[in-house]
Each structure stands twice: as C-alpha cells, then as structure tokens.
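Each chain is listed here by its residues.
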Amino acid sequence: MPVHMLSEGGGRAEAQIPNHLQRIEIKKLTLDSECEDKYVKGHVVLKYPLNVLPNGRQMLKAVIQEHVTQQSSSGIMSINVYFFGMLAKDFSDAVKQGGIVMVTGFSLIRSPTANKDKRHPCQLELFEEKKATVYVQNPKYIYVPLNELKPGVVVNVYGVVTYYKPPFPTKGTDYCSAVTIMDQSGRKLSCTLFSDKLEALPQIYKVGDIVRFHRIKTERFQGELKGVTSAGFSALTFDGRVGGPVIPRTGSKSYHFVEEDQRMLEMLRQWAASRCSPSEQNLSTVQPKQFFDLTCQLVAKAELVKSVLLKVWDGTKCSHPVWKVLEEEDILEGSAVLMYELQNLTVDVQVYDNHIEVAKSLKPGAYLRINNLHAKLHASTAKKQISNENHLQFHLHGGTIYGRGIQVLSADSYDVQELKKKLESAEVRVHPNVSDSVLLDFSINEGTLHAQLERCQQQSVTVLTAHQHMKITSLSNVKNCKPPQKFRIRAKLKSYEPKSLYQSVKRCCPKCRILQEIPDDESLAHLFQDASTRPLNLNLHNDFWYKTAVGCTKNKQQIAFHFLVEDDWEKDAEKTSVMVERASLNEIFQLSRRFGNIIPVTSSEEQLTLLDLSAPFLIQGKSCYYGCKNCSNVTGVRPLRQFVQQESWEATTIAQSLGIQLLHHVFLVKLELDDGTACLDAILWHEADKFFRSLPSEAEVNVALQEELERTMKTLCPPGKGFDELPWLDCCIMTYSTEDGVFNQIFDTVVAEETDILFNC
DNA sequence: GCTTAGGTTTTG
C-alpha cells in the first residue's frame, strides 16, 4: 500500500513510520538534494480534484506546507506535490485537507509555477512504481475556512475575534455571548453563543484574541450566515499576538490540542498581525477623538451624579494635557498617598449608563480593560479656563456596541503581566516636600506602587483602629523578635479554637487578672444538690430586712425564700430580688424566669451565707455571675436594702455589697495565623469585645448574637477554602512572656464592617 | 430538548 494511514489525533506521526527514514525540511530541498531515506513532512493546505491526463493516467496536485514553529513568517514554506497513478486515487480518497502527510520516494524537479505561486522553486513528484510512499495522519477535527461555510451544518472553525459582547443573562435559561470572527479568507462569521454555564462561553479578553469553536452550527439569518452553539459546543480562546502564550482559556475539562492547532493558531496570529492596526493604545499614544482599548490599573474611583469617575494609570504619560474631573479629591475612594504619587500619570475616565454598575463594583488596585474608550477634546466652555490648550477627557459612553465595556482582568493574565512591567518601569515623578515625607516613607516601605494598589483589592476583613502607618512585619520576624513588642501584621486565619464562640466566653478577674474556670452544668447541679441537703435554720427566718416563706417541691423538699421587705413580689416579680435556700439548679433556673435577681444562700448557725464561690452568687435571667476566689472577702449576707432603694441591681453593686470581686466575662479565642512566612498562634482576649464589637456576657446567653459571631468567624476563616482563597487580616499584635511561655495577643484591631472594607485601603 | 439574541459609535 503506497498510502499508509496513521492513527488519528494526538499521537506523534513520526513514531508510526519506519525509523530509518530521516526528515528533510522543505526549505532545505534543492534539485541536488540526496533524497533516499528522506521524507518531507507537511500539512495539506490545498488538495485539487483528481485529474486524468491525456495518456489516461490519473494525476493529483496538492500543496503541502511545512510549519516551523518559529516566530517569523519565513518559517512557513509550501511546496507543490504531484501524485500519479493509483497513488493519486488513493491520496484523493484517503487524505483530508489539513491532514499531516509524510512523503518518501519522491523525485525533485524544478517548479514551472514558482514565480507565480511563490511556493518552493522545486516540486515533488510521486510515482507508485518508483516506490513512493505517503504516510497520512488525518486531523481528528477539520476546521472549515469561513468562506467555505454553508448554512445548516455543524462545523469546527478558527478565527480572530473582531467583535464580542461579553456573556450576559438572557430572558431564557442561558447566558448569551456574541462573537464575530474572521479568518484568512477575509470572511466574517457572527456567532451567537448560548450556555447555561458561564465558563463554557469563550473567555475573550479583547478584540484580536483567537478562538477555536467546536460544533458551531451555521444558519441563515436576515440574509447572512450566522453561527450558533450546537450540542457539545466548546471553545478555546488564545491571546492573538505573535509570540503570545499558547495557553488556551477554556471551561472544558479536557480538550484536544495538537500540532495542527498550534499551526492554525500561529498562522492566524501572523495574518492578524499583518492586517489591521490594533485598537489598543497607551495613554502616551492615544490621539484626540480616538476610540481605543485601554489596559490599566484602577487607582481610585468616585460616584458622581450621572457617571462614575475612574482614576486609572497604565504606566505611560499622556502626551496631551488631561482634563481633571474633580478639583477636590476628597470624595475619591482609594489611597490618597498613591493618588498623590501617581498624579502625573493618572487620567480620569468617566463612565456612563449601563457601565455604571460595573464601575461601582470595582476596587482600587483592580486591573482593567476598558474597551472603546473615547478620548475627547474637552469643550472649553468655561470662561475661567486660562489655558488655550485643549484638554483630553476620557469617556466610556453608554451601550455595548463595538464591545464597549469594562472588564476586570485576572492578575495572572498575560495582559496584566505585560501591564505590570510597564507600571514597574514607569517614571513616577513627585516632588516630595517636608509634610509629605511621612507618606512617602509609608509607600517606600510597601513595595512597588502597583503592588500596593493590588493589595488594596485584597481587602482585609479586619481593620486597625490605630497604627495604620506602622510597617507590616512578617510573622517569621515576629517570631524572631524578643518579647515584649508590638507589631502590625497581615496574615490569614487558618483555624481557631473553640469552634463555637460562646464556648470561648470565660471569666476573668479584673483585679488579679487570673482566668477562672466556670463549672459546667453538671458540676453546678452537684453544688446546689449538696447545699440543698443542709438543714434550714428557722432562727434565721424573717429579719428586719427580709421576710421568709417556705415552699415545698414535688419531692417534698423544703425551699426557703427570703424576700427583701421592700419588694412587692406579687406585683412586680421581675424586679424582685430573692435569696433562695435549698433549691436545685433546675429550680433556680425556673425561679429565675419569674424573679429578677436570685441569690443562692445557705444557713450557717448565725446567719445566711453565700454558697461556695464555685457557684454563681447571682442569677439574672440566663446570666450567672461569679466571684473571684482570690480577691473576694465574703462574710455573711448583709442587708441588701440600700440596693433596693437605689433600684440599682447591677451585678457589680450587689457583688460589692456581698464583699465579692466580680469576675468579668471575656472572650478567649486562639487564632492560628499564617502569612506565608510562618505560622503563629495569637490570642484574642482583653480586646476581644472590641474586636467582635460584642459583649461576651451577651454572647453567652443571646442565641442571635451567637449566630452572628459564628457568621463573623466564617468571614474571617471561610470553611473549606484553601490558603490562597482565605481573606487577609490586618492585625496589631503584642508579644509578651509569662511563666507559661510567650504569648501573642491581638489589640487595636476590629472585624471590618462593610463600609470599612470599602475604605480600608 | 426548547428558549434565549441577533452589536455597527456619545455627544455627558
């Protein structure tokens, strides 16, 4: 068989041919070339119909093209090939245009048409009887040139994007995106693409990108051929520039990309580069009245009456004087420092109508492409304008024609990489004066300007209440510094303990600063159980300041209630204070629903006394108050009248009267922080109320607040996220040593509210 | 499997 079929698709063609054969490049072929055991490899770019010569012999002409993957057009060389006899018939039947062929046993003769067709000066001739052989690898996918499309077929195509409208939700179930492409044939195809999955639509960044569509269906609409998605549609998108990355953007999990694709891509790139002037401009190259595409970084923004103002830079200086929209820059959202430093490089872009919403959602630091931006001459209507020079102003008008709109570019995209190089080499000329030295100092500490801006985007979910100008220290440095010291850090919260914040509510003595364990419900029940077995002392019933009533439970347990005399407990139970003797924990809680203040007591020989300080000395509703075992000095229960008169049933005053040092509620949360340089455990303790903007005493008893705190923690440390996806936390921490070791404690830091996030730049 | 949308420069 003179025509050998090689397996389709991905496998390398060379691996499937006899290995004594050696390749000879088309461009190296001459009439003198020694061609035995040599093969020529190329793509079939043209295949003519089978022809019969006057002598009755069959003949077929094809053009094969060698593609050398270098970046110059001289890397492409094509040659005419003639097949004779059965070889012609077999070739005609077996080979598809676009397939890869490797031919051996050919003869080389001068090409009579070289001058006309600009192909190789030689041509190849293959005769079966001279042992010519053709190895064929047909492409898995055939890409149809746009000028060969017919209506009503499902095809695969390549093309350069000449127009696109980013995906938008339709009135139906899908997203829709419109893309018009063009190929070397000069023909355009407008495609309407639908998908219920956003990522399945082509991720086009700009006009000039190159797309590959699989399974697009052609149909006639208003007299023109259009493309629409058909079942199994998939798209790859590439940067359209010669030398750009050959990395497809796609939502497909698996896609077929072979030599042939690379060839198609590079051919289109070459062609596109030779064609039209790009719509992309720098601020330095843009001319008045132009509509252009701008790749830039957002420095600041402000919402105006009928538009949104975006202050952007692209690292180049506009060659025309630019119109500043605002004289006062106070209303701009963004870092004043960076605005100041970049004042000579930024331009004001005014965004109107349908683009306002997108503009509002942008964060300073974002990398943007603004498509079809209008560089207008400012109408110098204002009489006060002294300068004769015409200022340029930049407007993004309403509508989406010509792909008009704003796109946020991902920080790792090719365009942003290129932009960053420009931003880094930009000449930022500022004239520091004395009063600005602090600000400049700040910026020098923080790396390049665009990186500083970028960080604005990665907003912190916490906000500092002071020390904003302190330099950020890495956690590895914090660990290496000798305590005590204070730092500003920026890290991510990898985990925290305890998982439920109400479990983090502890008691701490404000006097001796010692954290004291609170018994759990079971231990408490035991405490009250023990106390309930002690006998009642009838001598202690009724005194000048309380009246005693004895009740009996279902279990025939006697409970004594000592009511303060001034209280009218039948009328005003909620304000009533009662000392309760011999009640179980359950009974105490039941009573606390009825009476405002419960003070558990027990009888000694001479007086009523409090229980052990392990038990709460006061129960108000669901709240239990405890005393410090170190700092309290409890004797008997003294007359509590004065507090009733003052109607001051604050736990603190009751505690005072009983000789108790009240324990305060505190949050104690352990945070595992990581900033990529090191991991560090820090605690939230003395300033935790400030941090959460909540009271721990409330958190202990208020379910709604517990839920809110849980939500807060999920914002700081979203479950199931990888390190990269975690938000940053700006924190102040202090390090200190105790007998138990070195601790790191958070201070002057609060959880950001939405408005903080907006302005925390 | 059906539907969806189907752009051609503001005038600030």
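This structure is a prediction, so every number in the text was calculated from the model and none was measured.

A. The overall build of chain A, seen in detail. Within chain A, the secondary structure is distributed over 17 helices and 38 strands. By residue count, 50% of the 761 residues in chain A fall in the buried class. Only carbon and sulfur atoms are counted for the fraction: they give 50% of the accessible area of chain A, which is about 37,800 Å².

B. The sheet that holds strand E15 (residues 224-238), seen in detail. Ordered by their spatial adjacency, 5 strands build a closed barrel running E11-E12-E13-E15-E14, and the pairing between neighbours is mixed. Here the strands of the sheet are splayed against their neighbours by 50° on average, with no regard to which way each runs. Sheet topology note: the strand E14 (residues 210-221)/E15 ladder contains 11 bridges and is antiparallel. Following the sheet pairing, Glu219 is matched in E15 by Lys226.

C. Quick look at the environment of Cys191. Checked against the element boundaries, Cys191 lands in strand E13 (residues 188-195). Assessed through its relative accessible area of 1%, Cys191 is described here as buried. Beyond its immediate sequence surroundings of up to four residues, Cys191 is in contact with Ser177, Ala178, Val179, Phe213, Ile216 and Gly227.

D. Here's a closer look at the nonpolar core. Counting 32 residues, the largest nonpolar core has Ile489, Leu493, Leu671, Leu673, Phe692 and Ile746 as its most contacted members. Contributions of two or more residues to this core are made by helix H9 (475-480), strand E23 (485-497), strand E34 (669-674), strand E35 (679-684), helix H14 (688-692), helix H16 (703-716) and strand E36 (728-738). For this core, the leading source of residues is E23, giving 5 residues. Core analysis: the second largest hydrophobic core is formed by 27 residues, Leu60, Ala62, Ala88 and Val95 among them.

E. Representation of the environment of Ser107 within the structure. Mapped onto the elements of the fold, Ser107 is located in strand E8 (residues 107-110). Between the C-alpha atom of Ser107 and that of Leu31, which follows or precedes it by 76 residues, the distance is 9.1 Å. Excluding residues within four positions of it along the chain, Ser107 makes contact with Gln123, Leu124, Glu125, Phe127 and Lys130.

F. Representation of empty space enclosed by the protein in the model. Following the criterion strictly, the structure yields 3 cavities of 30 Å³ or more and no others. Counted as a void, the largest cavity has a volume near 40 Å³. Lining the largest cavity are Phe528, Ala531, Val580, Glu581, Arg582, Ala583, Ile588, Pro600, Val601 and Leu611. Looking at the lining of the largest cavity residue by residue, the class counts come to 8 nonpolar, no polar and 2 charged.

G. Region of the structure containing the packing of aromatic side chains. Under the criterion given, the structure shown has 12 aromatic pairs. Geometrically, the ring pair formed by Phe83 and Phe91 is stacked, given 4.0 Å between the ring centres and 20° between the ring planes. Between Trp545 and Tyr546 the ring centres are 4.9 Å apart and the planes differ by 90°, which places this aromatic pair in the edge-to-face class. Both residues of the pair, Trp545 and Tyr546, belong to the buried class. Here the aromatic residues Phe561, Phe563 and Phe595 are joined through ring pairs into a cluster of three or more. One residue, Lys492, lies across the ring of Phe723, its end atom 5.0 Å from the ring centre.

H. View of the protein's contact with DNA strand B. Lys165, Asn372, His397, Ile401 and Arg404 are the nearest of the 27 residues found near DNA strand B. One of the side-chain nitrogen or oxygen atoms of Asn372 is found 2.8 Å away from a base oxygen of DNA strand B. Side-chain polar atom of Lys376 to a phosphate oxygen of DNA strand B: 3.0 Å apart, as the coordinates give it. For the surface near DNA strand B, the secondary structure elements donating two or more residues are strand E11 (154-169), strand E12 (175-182), E13, E14 and strand E19 (367-377). Its residues assigned to classes, the surface near DNA strand B shows 9 nonpolar, 11 polar and 7 charged.

I. Seen up close, helix H10 (residues 521-532). The first and last C-alpha atoms of H10 sit 16 Å apart over 12 residues, in line with the 16 Å expected at 1.5 Å per residue. Those residues of H10 lying buried are Leu524, Phe528, Ala531 and Ser532. Along the axis of H10, the buried residues cluster in a sector spanning 100°; they form a single face. Against the buried residues of H10 lie helix H11 (585-594) and strand E29 (597-603).

J. Inspection of the pairing of strand E18 (residues 347-352) at higher detail. When you tally the buried positions in E18, you get 6 out of 6 residues, the bulk of the element. In E18, alternate side chains face the same way, and those of Val347, Val349 and Val351 on one face and Asp348, Gln350 and Tyr352 on the other are all buried. In terms of strand pairing, strand E17 (residues 307-313) meets E18 through 6 bridges, oriented antiparallel. Across the sheet, Lys311 pairs through a bridge with Asp348, a residue of E18.

K. Spotlight on the sheet that holds strand E25 (residues 515-516). Taken in spatial order, the 3 strands line up as E25-E24-E33 in an open sheet, and their pairing is antiparallel. At either end of the open sheet lies a strand with only one pairing partner, and these are E25 and strand E33 (664-667). Here strand E24 (residues 505-508) runs beside E25; their pairing, made up of 2 bridges, is antiparallel. Directly across from Arg507, in E25, lies its bridge partner Gln516.

L. The pattern of salt bridges, seen in detail. Following the criterion strictly, the structure yields 27 salt bridges and no others. The residue Lys28 makes a salt bridge to Glu25 at a minimum N-O spacing of 3.8 Å. A relative accessible area of 54% means that Lys28 is categorised as exposed. Residue classification places Glu25 among the partly exposed residues on the basis of a relative accessible area of 27%. The partner of Asp674 in a salt bridge is Lys494, and the shortest N-O contact between them spans 3.3 Å. Within this pair, whereas Asp674 is found in strand E34, its partner Lys494 is found in strand E23, the two being separated by 180 residues in sequence. Judged by relative accessible area, Asp674 falls into the buried class, the value being 10%. Note on Lys494: relative accessible area 38%, which makes it partly exposed. Here the residues in one salt-bridge network are Lys206, Asp239, Arg241, Glu280, Arg369 and Asp415, joined through shared partners.

M. Region of the structure containing unusual backbone geometry. Cis peptide bonds are those with omega within 30 degrees of zero, and the linkage from Pro483 to Pro484 qualifies with 0°. If you trace the backbone, Pro484 turns up in the loop between H9 and E23. Cis rather than trans, the peptide bond between Glu497 and Pro498 has omega equal to -5°.

N. Geometry of the confidence of the model for chain A. On average, residues of chain A score 86 in pLDDT, and 90% of them are at 70 or above. Contacts from residues 434-445, a stretch scored under 50 in pLDDT, to residues over four places away or in other chains number 13 contacts. Segment residues 755-761: pLDDT under 50, and 15 contacts once partners within four positions in sequence are set aside and those in other chains are kept.

O. Representation of the pairing of strand E3 (residues 38-47) in the model. By the criterion of burial, E3 is predominantly enclosed, with 7 of the 10 residues buried. Bridge count for strand E2 (residues 22-23) against E3 is 2 bridges, and the pairing is parallel. Directly across from Gln22, in E3, lies its bridge partner Lys38. Pairing of E3 with strand E7 (residues 100-104), which is carried by 5 bridges, proceeds in the antiparallel orientation. Within E7, the position partnered with Val40 by the bridge is Val103. As paired elements, E3 and strand E5 (residues 58-67) share 4 bridges and run antiparallel to each other. Paired with His43 across the strands is Gln65, a residue of E5.

Here is what the cut-offs are and how they apply
Residues numbered from 1 in each chain as written. Chains lettered and ligands numbered in written order. Predicted model: local features only at pLDDT ≥ 70, side-chain atom pairs only at ≥ 80, totals over all residues. Heavy atoms only, no water. Helix = DSSP H or I, 4+ residues; strand = E, 2+ residues; numbered from the N terminus. Buried < 20%, exposed > 50% of the residue type's maximum accessible area, 1.4 Å probe, protein only. Areas by Shrake-Rupley, 256 points an atom, 1.4 Å probe, with all protein chains shown as cover. Pairing = 2+ DSSP bridges. Axes fitted to C-alpha atoms, helices over the stretch in contact; angles between N-to-C directions. Contact = heavy atoms within 4.5 Å. Core = buried A, V, L, I, M, F, W, Y, C linked by side-chain atoms within 4.5 Å. 1 Å grid on protein atoms, 1.4 Å probe; cavity = no way out; pocket = protein on both sides within 12 Å on 5 of 7 lines; lining within 4 Å. Points joined across faces, edges and corners; volume = space filled by probe spheres on them. Nonpolar A, V, L, I, M, F, W, Y, C, P; charged D, E, K, R; others polar. Phe/Tyr/Trp six-rings, centres within 6.5 Å; stacked < 30°, edge-to-face > 60°. Lys NZ or Arg CZ within 6 Å of the ring centre and 35° of its normal. Near = heavy atom within 4 Å. Polar contact = N/O pair within 3.5 Å; in protein donor to acceptor, adjacent residues only side chain to side chain. Expected span 1.5 Å × (residues − 1). Arc of directions from axis to C-beta. Salt bridge = Lys/Arg side-chain N within 4 Å of Asp/Glu carboxyl O. pLDDT = per-residue confidence, 0-100.

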